[in-house]
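Take a look at the letters that make up each chain.
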Amino acid sequence: MKIDDNFYMKLAIDEAWKYQLLTYPNPAVGCVIVKDGKLLAIEAHKEAGQAHSEVNALKEAFLKENPKSVLSTLKSSQEIHNFLIENHNSFFNDCEVFVTLEPCNHIGKTPSCANLLKILKPKRVIISVKDPNKIASGGIETLLNENIDVTLGVLENEGYNLLLPFMSWQNKTCIFFKMAQTLNGTIDGKISSNRALAYVHTLRDKIDLLAIGGNTVRIDKPKLDSRYIQGNNPDIFIYTKNKIFDKNIPLFNISNRKVIISDDLFKLLDYKFVMFEGTYTLLDKLKERIDFIILIISPKIRKGNNALNEIDMDFEVMHENFIGEDKIVFLKRR
């Protein structure tokens, strides 16, 4: 492993985290391409059904030195694949491809990335972690069979952290908790910026079920839709023992939505991808059931109530980045 491998893999991992959860049901994957020591592309898989990270990066790298190419007009993964296969002219032979996950070896909604790399024959492919999905795995063997140099295990721990949400929803219901607060822990009122709110609405567009506490519904009277991005509106689970609610609360008046009012958490298992929105009080009740936490911290100090503070939980920071002025931190329990 070369000394620069960690640096370039970190770039790929950071790029993938920008699209974490937004690629559901696919994993978040990042890719970086370097040619003769020159960084040509930093890309990621951005949405299920669209081009994978390797394809986006290969396209960007080719355009970096061929900016007038018709490739710039191609959008679908199949079109990009076909163009690169027919027009690469050995361009990638002296390239190193850094990818956070083993290139897929099967044909699904998009063609096989391993097969594309096999044809383009880069000098080296550097991978953080193997693909745990048996259907898609086998890309490393495909590359090795073509005598392409493969390095596996670069920033492996960070690669597995990136993969954790994907692993969570593979064979069971994935339940995660989203919470927003100020720097001093205040949770009252409007906290997040509009860009962070748009991010949350994008998450709502991807999930199957949005769960929330009954008291929050009664106090905030929310709509709980994805109007900021004009996306899909998930079903709602209101976690409460008191089943009586004012049906004029906006969330009850969204078309094509099922609203479940219950204190039976086993009902969550009827769904595949579940997000809880709440505060420390709800988190304390659910801490044994959630797979990971998204904490949105707004750079403000405000008067207001702090929720339950007696929780005893230790975390490892999986990743953190910024959306506008707001910081997003992914945590997992130690």
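Take the overall build of the chain next. A count of helices and strands for the chain gives nine helices and 13 strands. The C-alpha radius of gyration of the chain comes to 22 Å, within 12% of the 20 Å expected for a compact globule of 334 residues. In terms of principal-axis extent, the alpha carbons of the chain reach across some 65 × 40 × 35 Å. Expressed as a percentage of the 334 residues in the chain, the buried residues total 54%. In the chain, the proportion of contacts linking residues at least 24 apart, taken out of those at least 6 apart, comes to 73%.

On to unusual backbone geometry, then. Across the junction of Y24 and P25, the peptide omega takes the value 5 degrees, indicating a cis bond. Located in the positive-phi region is D36, a residue other than glycine, with phi close to 50 degrees. Turning to its location among the elements, D36 is positioned in the loop between strand 1 (30-35) and strand 2 (38-44). A positive phi angle, close to 55 degrees, is found at Q230, a residue other than glycine. Looking at the secondary structure, you find Q230 in the loop between helix 8 (214-220) and strand 8 (235-239). Of the residues examined, Q230 reaches a relative accessible area of 70% and is grouped as exposed.

Moving on, we get to the sheet that holds strand 7 (residues 209-213). On the basis of which strands lie adjacent, the open sheet formed by eight strands has the order 9-8-7-10-6-11-13-12 and mixed pairing. The open sheet is flanked by strand 9 (259-262) and strand 12 (315-323), the only strands paired with a single partner. Going from strand to strand, the sheet's axes swing by 20 degrees on average, the running direction of each strand aside. As paired strands, strand 11 (residues 292-298) and strand 13 (residues 326-333) are joined by five bridges and run antiparallel to one another. Within strand 13, the position partnered with L295 by the bridge is V329. Sitting on the sheet, helix 6 (residues 156-170) is in contact with strand 6 (174-182), strand 10 (273-277), strand 11, strand 12 and strand 13, with an inclination near 90 degrees to strand 12. The sheet strands contacting helix 7 (residues 194-206) are strand 6, strand 7, strand 10, strand 11, strand 12 and strand 13, and the helix crosses strand 10 at an angle near 145 degrees.

Within a regular strand, the side chains alternate between the two sheet faces. The element strand 13 is extensively covered by neighbouring structure, given that six of its eight residues are classed as buried. Of the strand pairs in this sheet, strand 12 and strand 13 are connected by eight bridges, and their pairing is antiparallel. If you follow F322 over to strand 13, its bridge partner there is K327. The turn joining strand 12 and strand 13, which pair antiparallel and follow one another in sequence, is formed by two residues; a positive phi near 65 degrees is taken by G324.

Applying the stated criterion across every chain, the model contains 16 salt bridges. Of the charged contacts, one joins E277 and R204 as a salt bridge, the two residues approaching to 2.9 Å between their closest N and O atoms. A residue pair is termed long-range when its members are at least 10 positions apart, and E277 in strand 10 and R204 in helix 7 qualify at 73 residues. Pair check on accessibility: E277 and R204 agree, each one buried.

Reading guide: rules and limits
- Residues numbered from 1 in each chain as written.
- Predicted model: local features only at pLDDT ≥ 70, side-chain atom pairs only at ≥ 80, totals over all residues.
- Heavy atoms only, no water.
- Helix = DSSP H or I, 4+ residues; strand = E, 2+ residues; numbered from the N terminus.
- Rg over C-alpha atoms; globule rule 2.2 N^0.38 Å.
- Buried < 20%, exposed > 50% of the residue type's maximum accessible area, 1.4 Å probe, protein only.
- Contact = heavy atoms within 4.5 Å.
- Pairing = 2+ DSSP bridges.
- Axes fitted to C-alpha atoms, helices over the stretch in contact; angles between N-to-C directions.
- Salt bridge = Lys/Arg side-chain N within 4 Å of Asp/Glu carboxyl O.

Structural measurements only, silent on function.
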